[in-house]
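One letter stands for each residue in the lines below.
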Amino acid sequence: MSTGPQHGLVSLRGLGRDRLEGLLDRAQSYVGSLVSSELAGATVTTAFFEASTRTRLSFDRAAHRLGAHVMDLSPDLSSTTKGESFKDTILTLTAMGTDLFVVRHWLADAADLAAEWSGRPVINAGVGRREHPTQTLIDAMTLRQEFGHLDGLRMAIVGDIRNSRVARGHLEAFPTLGVKLTLVGPTPFLPNHNPWGVRVSTELDDELGDVDVVYLLRIQNERGASQAIPADQSYARRYGMNAERLSMLKPAAVVMHPGPMNRGVEIDDAVADGERSLILDQVANGVPLRMAVIAEALGGTG
Amino acid sequence: MIVIRNASVLRADGIDQSTVVIEGDTITSVGTEPVSNGARLIDAKGVWLGPGLVDLHVHLRDPGQTWKEDVGSGSRAAAAGGFTAIVAMPNTVPPVDGGSSAVAAIERARAVDTVDIVVAGTLTEGRAGKEMAGFDAMYEAGVRIFSDDGDAVPEAGLLRRIMAYLRDLPGAVVAEHAEDRSIAGEGHMHEGMVSARLGIAGLPGVAEDVIVARDIAIAAEMGAALHIQHVSTARSVELIRDARAAGMSVTSEVTPHHLALDDSALEGLDPNLKMYPPLRGAEDRSALRSAIRDGVIDAIATDHAPHAPSEKAVPFEEAPRGAIGLETAAAAVASHALGEDQRIFFERMSISPARIAGLERQGRELEPGSPANLVLFDPARRWVPGSFASKSQNSPFAGMELTGRVLATIYEGRVSYEGELI
């Protein structure tokens, strides 16, 4: 498994606190800065084999702001793309002069394989249900801005955790950063095993008074999640974040969501657009955080 | 004439350090050293000599997928692994599901002179899980083991009709690949700690348990001979133990890889470790090891499932399922489960599987008059498997040190494989 900076960022698993905080510091240094030329001449290729808007645009913008050239590959997502052609695609783009790959794929080992096949650093932009490391770091950065620290914060991750690569990234990194996680949802949405040894709860209302952060996830119907629970409004009733539940939070507690949101299901308008919401801060931090990860992977000194 | 001296010989009433003389296809003497002019002399230096190994579960891919394996390469792999008989699963293309396909497969098997290839037939026509296969024609051709391996018979009612029919054919065995697809879905590895962590769709152990429980219930009612293939869960072991305690003739097999490895090996997502049933959790592996030692599980079977290197050099979730096993089976079993006891080793790897398949010339203790189907196995020799006689190289043990090595295989009185005898 690739862990060193020279290998990009395939997984957060096993990364030390120093490296994680170093990335957050570097990202913070990019906030408000306009244009840099530290990666002038480098070619960053975004290879997205799954639909994405905000993540791809955010990587694109981050690479441009570092002065890198961006090649975008968005294969015809309507046709079935097999792993074999995935390999051919990576080899072709390597031969065309890619210095760094940003990969999104439905296969769990796609980023590892892209690194192996290309010999280039790879940034995992979301693979399978496994991890979405830059989203996790964005959320850590956003929380650090809000609270001034991460150590000792309590976060409830609520929703379709079983299908969520965002949640798995959080599970690999947030404990290292001192954040205590509780997974909350109906049993069909909770991981069927708990290798992380974190707290698990099926009752959201029991958790709300204890946490600093409520992190909401959407139900991933494209991964069959809708068949795991009744097809009525019971999910929103039991787990939807609404004004009433907002009032059960501690005064300083915040609400986050990695998007895209399903308003009226896991989150109500009053919460998404309310003053406790950090959702737009998360989006804003996407570009500087991804600048930091790209610059680190390509050895820029910052 | 072949004379094997100084072997630790598996005899009917114990283990003897003695000399075995083979003339033609038969053992003619055990114990006293004869004058051996003109004989091929093998000094075994104390290693194990026993009946040739018998594998109840091999995929030869022939006909239909001969880029993965064929009868020739599979036979060489079998001999190299110490096997003198292998049961060929019927999921070829086309499958062995009636008289003509069975006769054709048996004729091809008879042309091989390095190992007995025992042809199994499907339980359902076309292995499609809808209608009964052509049992009488296959039985008449000599088929005794029937399996839709790769799938369980999907509907309990169909299985019940099959068992009601096959119970009347003496020696016929219903061999089931126990997995409920409605539970297993599109999983790629055992549903456990590793699948949860990596977010890979899991194959829950209960998918096997429910089919084992169903099949035992129907077999008990019908009095049919049931054999559970590649048992992989602790709960399956319990169900089989209870059924046998109640007097049922339920037999079962376990693969070397399920004894040697568990799902913790899958962290690196190596496609060569992807097989069905999947490598299970540590507690399952522990239950399987106990069960093969105490005899609740009767037999080791490899589920030798070749796939070409290019087919396995793909992302884990797109890789075909299966691993080769013939050439590492004895070593993996000796290393991880049965390396201490020569008798139990040969019971599980030869005597019991020969009995289940009804093979009279296999799995016999070494006595004058016994067929000369033998293997010379050094339980202490260390080696690292690298390349294989099989056309495919998808071994879960490649690069892993094993203790125990096949030194020579003798099939019907002739040396079918000779390794580093030293």
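Residues numbered from 1 in each chain as written. Chains lettered and ligands numbered in written order. Predicted model: local features only at pLDDT ≥ 70, side-chain atom pairs only at ≥ 80, totals over all residues. Heavy atoms only, no water.

J.: Mind laying out the overall build of chain B, listing which residues take part and the relevant values?
T.: When helices and strands are tallied, chain B shows 13 helices and 18 strands. In chain B, buried positions account for 63% of the 422 residues. Excluding contacts between residues fewer than 6 apart, the proportion of contacts in chain B whose partners are at least 24 apart in sequence is 75%. Looking at charge distribution, chain B has the averaged site of its 38 positive side-chain charges lying 2 Å from that of its 59 negative ones. (Helix = DSSP H or I, 4+ residues; strand = E, 2+ residues; numbered from the N terminus. Buried < 20%, exposed > 50% of the residue type's maximum accessible area, 1.4 Å probe, protein only. Contact = heavy atoms within 4.5 Å. Lys, Arg positive; Asp, Glu negative; His and termini not counted. Charge placed at Lys NZ, Arg CZ, Asp CG, Glu CD.)

J.: Quick one: what's the story with the environment of A:A253, residue by residue and with numbers?
T.: Residue and element names in this part refer to chain A. Among the secondary structure elements, A253 is positioned in the loop between α9 (243-246) and β10 (254-256). A253 sits 191 residues away from A62 along the chain, and the two C-alpha atoms are 30 Å apart. When neighbours within four sequence positions are excluded, A253 is seen to be in contact with V211, D212 and R276.

J.: Outline the nonpolar core, supporting the account with residue identities and numerical values.
T.: When a protein is soluble and globular, its nonpolar side chains tend to lie buried together. In this structure, B:I86, B:I117, B:F135, B:M163, B:L166, B:F345 and B:M349 are the most contacted members of the largest nonpolar core, which totals 75 residues. Split by domain, this core shows at least three residues from each of two domains, domain 1 (2-48 + 369-418) and domain 2 (53-357) of chain B. Ignoring sequence-local partners within four residues, the contact set of B:M349 consists of B:L53, B:V54, B:F83, B:I300, B:A329, B:A330 and B:V333. Core analysis: the next-biggest nonpolar cluster, separate from the first, contains 60 residues, A:L137, A:V198, A:A292 and A:I294 among them. (Core = buried A, V, L, I, M, F, W, Y, C linked by side-chain atoms within 4.5 Å. Domains from an automatic or database assignment.)

J.: Quick one: what's the story with the interface of chain A and chain B, residue by residue and with numbers?
T.: Between chain A and chain B, the residue contacts involve 21 residues of the former and 15 residues of the latter. Note on chain A versus chain B: buried area summed over both sides is about 1,700 Å², and carbon and sulfur give 53% of it. Ranking the residues of chain A by area buried against chain B places A:R13, A:H193 and A:P195 at the top, with a combined share of 28%. At the boundary of chain A with chain B, the tally comes to 2 salt bridges. The shortest N-O distance in the salt bridge between A:E172 and B:R197 comes to 2.9 Å. Secondary structure elements with two or more residues in the side of chain A that touches chain B: α3 (83-95), α4 (110-118) and α6 (165-173) of chain A. (Buried area = accessible area lost by both parts, 1.4 Å probe. Salt bridge = Lys/Arg side-chain N within 4 Å of Asp/Glu carboxyl O.)

J.: Talk me through the packing of aromatic side chains; I want residue IDs and the actual numbers.
T.: Applying the stated rule across the entire model yields 11 aromatic pairs over all chains. Measuring from ring centre to ring centre gives 5.0 Å for A:F49 and A:F86, while their planes differ by 85°; the resulting arrangement is edge-to-face. Here the residue A:F49 occupies a position in the loop between β2 (43-48) and α2 (54-65), and A:F86 occupies one in helix α3, the gap between them amounting to 37 residues. Taking relative accessible area as the criterion, A:F49 reaches 3% and is therefore assigned buried. With a centroid separation of 5.0 Å and an interplanar angle of 15°, the aromatic rings of B:F345 and B:F377 are classed as stacked. One end of the pair, B:F345, is in helix α13 (residues 342-357); the other, B:F377, is in strand β16 (residues 374-383), and 32 residues separate them in sequence. (Phe/Tyr/Trp six-rings, centres within 6.5 Å; stacked < 30°, edge-to-face > 60°.)

J.: Residues and numbers for the side chain of A:S277, please.
T.: All names here are of chain A. Here S277 is to be found in the loop between α10 (269-272) and α11 (279-297). Owing to a relative accessible area of 13%, S277 belongs among the buried residues under this scheme. For S277, the side chain forms a polar contact with the main-chain nitrogen of I279, separated by 3.2 Å. Sequence-distant contacts of S277, defined by excluding residues within four places in its chain, comprise V255, V271 and A272. (Polar contact = N/O pair within 3.5 Å; in protein donor to acceptor, adjacent residues only side chain to side chain.)

J.: Residue-level account of the sheet that holds β10(A), with values.
T.: Residue and element names in this part refer to chain A. The strand order across the open sheet built from 5 strands is β8-β7-β6-β9-β10, with neighbouring strands paired in parallel fashion. Since the sheet does not close on itself, it has two edges, and those belong to β8 (199-201) and β10, each with one partner. On average, adjacent strands in this sheet sit at an angle of 25° to one another, irrespective of strand direction. Two elements, strand β7 (residues 180-184) and β8, share 3 bridges in a ladder whose sense is parallel. Note that in β8 the partner of T182 across the bridge is R199. Along the sheet, helix α5 (residues 133-147) contacts β6 (154-158), β9 (213-216) and β10; its crossing angle with β10, the most-contacted strand, is approximately 160°. (Pairing = 2+ DSSP bridges. Axes fitted to C-alpha atoms, helices over the stretch in contact; angles between N-to-C directions.)

J.: Summarise the domain arrangement of chain B; cite the residues concerned and give the values.
T.: Buried accessible area, meaning the area lost when the parts come together, often serves as the stated size of an interface. Residue and element names in this part refer to chain B. As assigned here, chain B comprises domain 1 (2-48 + 369-418) and domain 2 (53-357). Its C-alpha centre places domain 1 at a distance of 26 Å from the equivalent point of domain 2. Contacts between domain 1 and domain 2 engage 36 residues on the former and 51 residues on the latter. For the pair domain 1 and domain 2, the summed buried area comes to about 3,200 Å², and 64% of that belongs to carbon and sulfur atoms. Area buried by domain 1 at its contact with domain 2 is led by W48, K391 and N394, which between them contribute 22% of it. Viewed at the interface, domain 2 and domain 1 are joined by 1 salt bridge. Taking the shortest distance from any N to any O, the salt bridge between D70 and K391 comes out at 2.9 Å. Across the contact surface, domain 1 and domain 2 share 19 residue pairs in polar contact (both at pLDDT 80 or more). Those elements that place two or more of their residues in the side of domain 1 that touches domain 2 are β1 (2-11), β2 (14-23), β16, β17 (402-411) and β18 (414-418).

J.: Summarise the packing of helix α12 (residues 329-338) of chain B against α13(B); cite the residues concerned and give the values.
T.: Residues and elements named next belong to chain B. Direction vectors running N to C along α12 and α13 enclose 130°, while the axes themselves pass 11 Å from each other. In terms of axis orientation, α12 runs oblique to α13. In this structure, the crossing between α12 and α13 has a hand that is right-handed. Taken together, the residues of α13 that come into contact with α12 (itself represented by A329, A330, V333, A334 and L338) are I344, F345, R348 and M349. Considering only residue class, the contact of α12 with α13 consists of 8 nonpolar, no polar and 1 charged. (Parallel < 35°, antiparallel > 145°, perpendicular 65-115°, else oblique. Left-handed = near helix turned anticlockwise from the far one by under 90°. Nonpolar A, V, L, I, M, F, W, Y, C, P; charged D, E, K, R; others polar.)

J.: So what's going on with a nonpolar patch on the surface? Residues and values would help.
T.: On the surface, B:I183, B:V206 and B:V210 cluster together into a nonpolar patch covering about 190 Å² of accessible area. With respect to the secondary-structure elements, B:I183 resides in helix α5 (residues 181-184). (Patch = residues over 30% accessible without salt bridge, like charges linked within 9 Å, V, L, I, M, F, W, Y side chains within 5 Å. Areas by Shrake-Rupley, 256 points an atom, 1.4 Å probe, with all protein chains shown as cover.)

J.: Describe in detail the pairing of β7(A), supporting the description with residues and values.
T.: Residues and elements named next belong to chain A. The buried count for β7 comes to 4 of 5 residues, which makes it a mostly enclosed element. Pairing analysis gives 5 bridges linking β6 to β7, with the strands arranged parallel. Opposite M155, over in β7, you have L181 as the bridge partner. Following the backbone out of β6, through α6 and into the adjacent parallel β7, one traces a crossover that is right-handed. (Right-handed = clockwise from strand over helix to strand, strands pointing away.)

J.: Provide a residue-level description of the sheet that holds strand β7 (residues 83-88) of chain B, including the pertinent values.
T.: Sheet strands line up and pair through hydrogen bonds in the backbone, either parallel or antiparallel. Residues and elements named next belong to chain B. The 3 strands are arranged β6-β7-β8 in an open sheet whose pairing can be described as parallel. Strands at the two margins of the open sheet, each flanked by one partner only, are β6 (53-58) and β8 (116-119). The mean inter-strand angle of the sheet, taken between neighbouring strand axes irrespective of direction, is 20°. Of the pairings in the sheet, the one linking β7 to β8 comprises 4 bridges and is parallel in character. Within the sheet, the bridge partner assigned to I86 lies in β8 and is I117. The strands that α13 touches are β6 and β7; relative to β6, the one it contacts most, it runs at about 60°.

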